[in-house]
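Overview (structure and organization)
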Amino acid sequence: MACSNCFNGCSEITSDQCVRYTGIDVPMLGIKSGDSLSFVEQSLIQFLTSALDGTGIHMPIDSTIICNIVKDFLPTCGELSLVDFTTALIKSVCSVKVQLDALAGDVAAIEAPYTTGCLTVASGDSVTHQVVQAIITKLCTVEADLNALAINLDTNYVKLADLCSLVIGCIENSDPGGASKLYNKMVPYTVVEYYGSVTNFDSTGAGIGDWEKIYLCNGLNGTPDKRGRVGVGAIVGVPGGTLAAAVNPGSSAFNPNYALFDTAYGTNSVILTGTQIPSHTHTATASSVVTDPTHTHSFEATNNLDGGPRPNGFVNSNTGGVSTYTTGAASTGITVATNVTIDPAGGNLAHANNQPALACYYIMYIP
């Protein structure tokens, strides 16, 4: 095919500035019919150059479809070129890569072996997923158990705030009018100290009004008589280990074998007998008067009194030149030749045998 417009080796060169372009308008390149060939050539060269490096390629992309990570790397003003978009995409990919590497480390840590404890973990591709699923399952089970417990508490237990009213209601149902009765606050057959007025009791010691079924412990109405007495633990019939020696009746004649309601032991005063006083001696001196209506005394003398008159009531025994003289049991006012006498001592009176005490009334609830 022949080229009608090809270079034909003409010897003269015509300036491109003197040649007019007669083709169609190209608004994208800024070329219009009638422009000089030089202008058209420059427009084409600039377009091709910008197209080759991307700065001249502008794409009308809707900004709403561009994700934020790409927008963060795009210029904030001016028309965006292919270079701008390419650069933003490369930087976005690199940023995502860095974040993915960090996430990979986190995932590796998350996927490390778990101490599952009470969890039942099923096998699977993701350990974390299985553990989380086991936690969810356990929580659902705990929730169901808590709901059941709440129902059980509402059904079988009462709130502290409702307790008093329920107790009063229960008392009223089982004992109409008994909510105000004081015996409902007492343990049956238990002796309790009472420091109130005896006007709450009748002449026999039985409680009246709200004190119904409560009795003074005066030995009437089936009560023990606690007047003037303190309590002591009974021994007979009470189970337990071996008694301590201080209270075991088998270890001393002074340890009573207390039985319930025993009252035979104890006294408020004591008079010591001759066998109960400590062992002792008396010293006799000259010119003493022996006066002893209750017991005998012995004394020794190196001078033998047998040579003189023997005092009435004295019995002499002589051993090795030493005489021992003993008064008779009824000797009174006996004076020996050497005027040796022994005076009586002691008033034969009782002494108190009381422990420190605080008096009170004792009461008992008898159903």
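One can find the structure itself at the top, above this paragraph.
Keep in mind it's a predicted model, so treat the numbers as computed, not measured.

This part covers the overall build of the protein chain. Within the protein chain one finds 5 helices and 8 strands. Put simply, the protein chain runs from its N terminus to its C terminus through helices and strands in the order α-α-α-α-α-β-β-β-β-β-β-β-β. A buried classification covers 18% of the 367 residues belonging to the protein chain. Taking contacts inside the protein chain between residues at least 6 apart in sequence as the whole, the part at least 24 apart equals 48%.

Quick look at the nonpolar core now. Nonpolar side chains in soluble globular proteins tend to be buried together. With 9 residues, the main nonpolar core is built from Y183, M186, Y194, F201, W211, I214, L216, I363 and Y365. Of all elements in the fold, only β2 (214–216) and β8 (361–365) reach the threshold of two or more residues within this core. Counting 6 residues, the second-largest nonpolar core is a separate cluster that includes A206, Y215, M364 and I366.

This part is about the packing of aromatic side chains. According to the stated counting rule, one finds 5 aromatic pairs in the structure shown. With a centroid separation of 5.3 Å and 20° between ring planes, the pair formed by Y183 and Y365 is classed as stacked. With Y183 in the loop between α5 (160–174) and β1 (191–194) and Y365 in strand β8, this pair connects stretches of sequence that are 182 residues apart. Grouping residues by exposure puts Y183 and Y365 together as buried. Measuring from ring centre to ring centre gives 5.3 Å for Y194 and W211, while their planes differ by 65°; the resulting arrangement is edge-to-face. Here Y194 is found in strand β1, whereas its partner W211 is found in the loop between β1 and β2, with 17 residues between them in sequence.

Let us now look at the side chain of K226. On the secondary structure map, K226 appears in the loop between β2 and β3 (269–270). We note that K226 is buried and unpaired, the nearest opposite charge coming from E193 at a distance of 8.1 Å. Beyond its immediate sequence surroundings of up to four residues, K226 is in contact with V191, C217, G231 and Y362.

An ideal rise of 1.5 Å per residue puts 44 Å on 30 residues; helix α4 (residues 127–156) measures up with 42 Å between its terminal C-alpha atoms. Along α4, the positions that sit buried rather than exposed are T128, Q130, V131 and A134. Packed against the buried residues of α4 are α3 (82–110).

Structurally, L82 is set in helix α3. As for L82 and M59, which are separated by 23 residues in sequence, their C-alpha atoms are 6.9 Å apart.

Turning our attention to a nonpolar patch on the surface. Together, V142, L146, L149, L153 and Y157 make up a nonpolar patch on the protein surface, roughly 460 Å² of accessible area in all. Its place among the elements puts L146 in helix α4.

Turning our attention to the sheet that holds β1. Reading across from one edge, β1-β8-β2 is the order of the 3 strands in this open sheet, with antiparallel pairing throughout. Each having just a single partner strand, β1 and β2 make up the two edges of the open sheet. Neighbouring strand axes in the sheet, compared pairwise and without regard to direction, differ in orientation by 35° on average. As defined by bridge partners, β1 adjoins β8 across 4 bridges and the pair is classed as antiparallel. Along β8, the bridge assignment pairs V191 with M364.

With a phi close to 60°, Y189 is a non-glycine residue in the positive phi region. Along the chain, Y189 falls in the loop between α5 and β1. Using a relative accessible area of 55% as the deciding quantity, one classes Y189 as exposed.

Mapped onto the elements, S43 comes out in helix α1 (residues 37–53). Exposure remark for S43: the relative accessible area of 10% places this residue in the buried category.

Burial analysis of β8 places 4 of its 5 residues in the buried class, which makes it a mostly covered element. Pairing between β2 and β8: 3 bridges, direction antiparallel. From the neighbouring strand, I214 faces β8, where its bridge partner is Y365.

To continue, consider the state of the cysteines. Here a disulfide denotes a covalent bond joining the sulfur atom of one cysteine to the sulfur atom of another. Going through the model one piece at a time under the given rule, you end up with 0 disulfides. The thiol of C360 is not disulfide-bonded; the next cysteine sulfur, from C217, is found 9.8 Å away. For C360, a relative accessible area of 21% corresponds to the partly exposed category.

Attention shifts here to α3. Over its 29 residues, α3 extends 41 Å from the first C-alpha to the last, a length consistent with the 42 Å expected when each residue adds 1.5 Å. Three or more residues of α3 are buried, namely D84, F85, A88 and S92. Structurally, α3 contributes buried residues whose contacts are with α2 (68–71).

What follows concerns the pattern of salt bridges. Per the counting criterion, the structure on display carries 3 salt bridges. Two residues, K181 and E212, come together in a salt bridge whose shortest N-O distance is 3.3 Å. Of the two residues, K181 is situated in the loop between α5 and β1 and E212 in the loop between β1 and β2; the sequence distance between them amounts to 31 residues. When its relative accessible area of 16% is taken as the criterion, K181 is described as buried. R227 is the partner of D225 in a salt bridge, and the nearest nitrogen-oxygen pair spans 2.9 Å. By relative accessible area, which is 57% here, R227 ends up exposed.

The rules we used
- Residues numbered from 1 in each chain as written.
- Predicted model: local features only at pLDDT ≥ 70, side-chain atom pairs only at ≥ 80, totals over all residues.
- Heavy atoms only, no water.
- Helix = DSSP H or I, 4+ residues; strand = E, 2+ residues; numbered from the N terminus.
- Buried < 20%, exposed > 50% of the residue type's maximum accessible area, 1.4 Å probe, protein only.
- Contact = heavy atoms within 4.5 Å.
- Core = buried A, V, L, I, M, F, W, Y, C linked by side-chain atoms within 4.5 Å.
- Phe/Tyr/Trp six-rings, centres within 6.5 Å; stacked < 30°, edge-to-face > 60°.
- Lys, Arg positive; Asp, Glu negative; His and termini not counted.
- Salt bridge = Lys/Arg side-chain N within 4 Å of Asp/Glu carboxyl O.
- Expected span 1.5 Å × (residues − 1).
- Patch = residues over 30% accessible without salt bridge, like charges linked within 9 Å, V, L, I, M, F, W, Y side chains within 5 Å.
- Areas by Shrake-Rupley, 256 points an atom, 1.4 Å probe, with all protein chains shown as cover.
- Pairing = 2+ DSSP bridges.
- Axes fitted to C-alpha atoms, helices over the stretch in contact; angles between N-to-C directions.
- Disulfide = S-S within 2.5 Å.

That's the geometry; what it means functionally is another story.
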